[in-house]
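What follows is each chain in one-letter form.
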Amino acid sequence: MMDLTEQIQQAAELIKQANHIVAMTGAGISTPSGIPDFRSPDSGLWDKADPLAVASIYAFRQNPQKFYNWIHPLSRMMLNAAPNPAHYALAQLEKEGKLKAVITQNIDDLHNKAGSQILYELHGHLRQMTCIRCYRVQESTEIIKKFIADGLAPHCQCGGILKPNVILFGEQLPMQEYISAQRAIANADLVLVAGSSLEVSPASDLPALALQNGARLIIINDQPTYLDSQANLIIRGDVADVLPRIAELVTA
Ligand SMILES: [Zn+2]
């Protein structure tokens, strides 16, 4: 069994040998920024609510205020959160020309804030909101600030309710975004999974697509994933510690 330093060295070697790396990230890359994994039972976000009863598109349409009550603490955390060294390490690997895309299941905007350029946000993001009556799309920063202060479900000028551009349970993934992500990962010679347990389909199916084409696989996650047996390297560590150390070796 290699120790962590050796694993980091081996990850850097695999990255140096690759030319078209695609990273796939999940909630685990944002927990060091103080954002809980909202799908996790330990997040505290489900103590008072059943996810399907509040965070589904059906529940949203039926009772938007209930949805907004639920997302209130989470949206405050997300608005105030800053990228951590793991986000910056991926942005740096992209600048070096090694990393071609980041595919994320996160909605928190932290890859964007860290400077990642080619980014596929499969579950949407909180930067914009859409009116469910007139479909006008609006920038959300000021709207979310007001919502955090007053707790009220935000409305469009037309009177319709605004829905954040995030994918709720029962909604389809953004098709164009998903197809672009598929294309990027089909060309990958190395997939770097960071902070995702690869549990939420169909996003979790994407790395398997790269493996069929002969790509290598590095998994940095604190939990096992269904692809562990096919990984060239598995690191059970904190992504905010491990990824910057890898990026440093690659760029040295
Ligand atoms: Zn409207």
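It should be noted that the structure appears before, not after, this text.
None of these values were measured; they are calculated from a predicted model.

Kindly report on the coordination of the zinc ion, identifying the contributing residues and their values.
Protein coordination at the zinc ion: the donors are C131 (SG), C134 (SG), C156 (SG) and C158 (SG), at 2.3 to 2.4 Å from the metal. Taken together, the four donor atoms coordinating the zinc ion span angles of 102 to 118° at the metal, a pattern that classifies the geometry as tetrahedral. Read in sequence order, the donor residues for the zinc ion give the motif C-x2-C-x21-C-x1-C.

How would you explain the sheet that holds strand β6 (residues 162–166) if you had to name every residue and give the values?
As summarised here, the arrangement of the three strands in space is β5-β4-β6, forming an open sheet in which the pairing is antiparallel. One side of each edge strand has no neighbouring strand; the edge strands of this open sheet are β5 (137–139) and β6. Ignoring strand direction, the axes of neighbouring strands in this sheet form an average angle of 40°. Alignment of strand β4 (residues 124–131) against β6, held across four bridges, turns out to be antiparallel. Across the sheet, residue M129 finds its bridge partner in β6, namely P164. Across the sheet, helix α4 (residues 64–80) lies against β4 and β6, angled at about 50° from β6, the strand it touches most. Against the sheet, helix α7 (residues 141–150) makes contact with β4, β5 and β6, and its axis sits at roughly 75° relative to β5, the strand it touches most.

Residues and numbers for the nonpolar core, please.
Burial of nonpolar side chains together is a common tendency in soluble globular proteins. Among the nonpolar cores identified, the biggest contains 29 residues, and I15, L90, L192, I218, I220, L243 and I246 are the most heavily contacted of them. Listing elements by their share of this core, those giving two or more residues are α1 (4–17), β1 (21–25), α5 (85–95), β2 (99–104), β7 (190–194), β8 (216–220), β9 (233–235) and α10 (239–251). If you tally residues by element for this core, the top one is α10, at six residues. In contact with I218, other than residues within four places in its own chain, are A11, L14, I15, L190, V191, L192, V193 and L233. In terms of nonpolar packing, the next biggest core, distinct from the first, is built from 27 residues, I35, I107, C131 and A153 among them.

Tell me about the pattern of salt bridges, and name the residues and values.
This structure, assessed with the given rule, holds eight salt bridges. Among the ionic pairs, R127 bridges to D109, the shortest N-O distance being 2.4 Å. Note that R127 is positioned in strand β4 and D109 in the loop between β2 and α6 (110–114), a separation of 18 residues in sequence. Overall, the relative accessible area of 25% leaves R127 in the partly exposed class.

Can you explain the environment of Q172? Please cite residues and give values.
Tracing the sequence through the fold places Q172 in the loop between β6 and α8 (175–186). Residue classification places Q172 among the exposed positions, given a relative accessible area of 63%.

Basis of the calculations
- Residues numbered from 1 in each chain as written.
- Predicted model: local features only at pLDDT ≥ 70, side-chain atom pairs only at ≥ 80, totals over all residues.
- Heavy atoms only, no water.
- Donors = N, O, S within 2.8 Å, 3.2 Å for Na, K, Ca; no water.
- Tetrahedral: all angles 85-135°; square planar, octahedral: opposite > 155°, others 65-115°.
- Pairing = 2+ DSSP bridges.
- Helix = DSSP H or I, 4+ residues; strand = E, 2+ residues; numbered from the N terminus.
- Axes fitted to C-alpha atoms, helices over the stretch in contact; angles between N-to-C directions.
- Contact = heavy atoms within 4.5 Å.
- Core = buried A, V, L, I, M, F, W, Y, C linked by side-chain atoms within 4.5 Å.
- Buried < 20%, exposed > 50% of the residue type's maximum accessible area, 1.4 Å probe, protein only.
- Salt bridge = Lys/Arg side-chain N within 4 Å of Asp/Glu carboxyl O.

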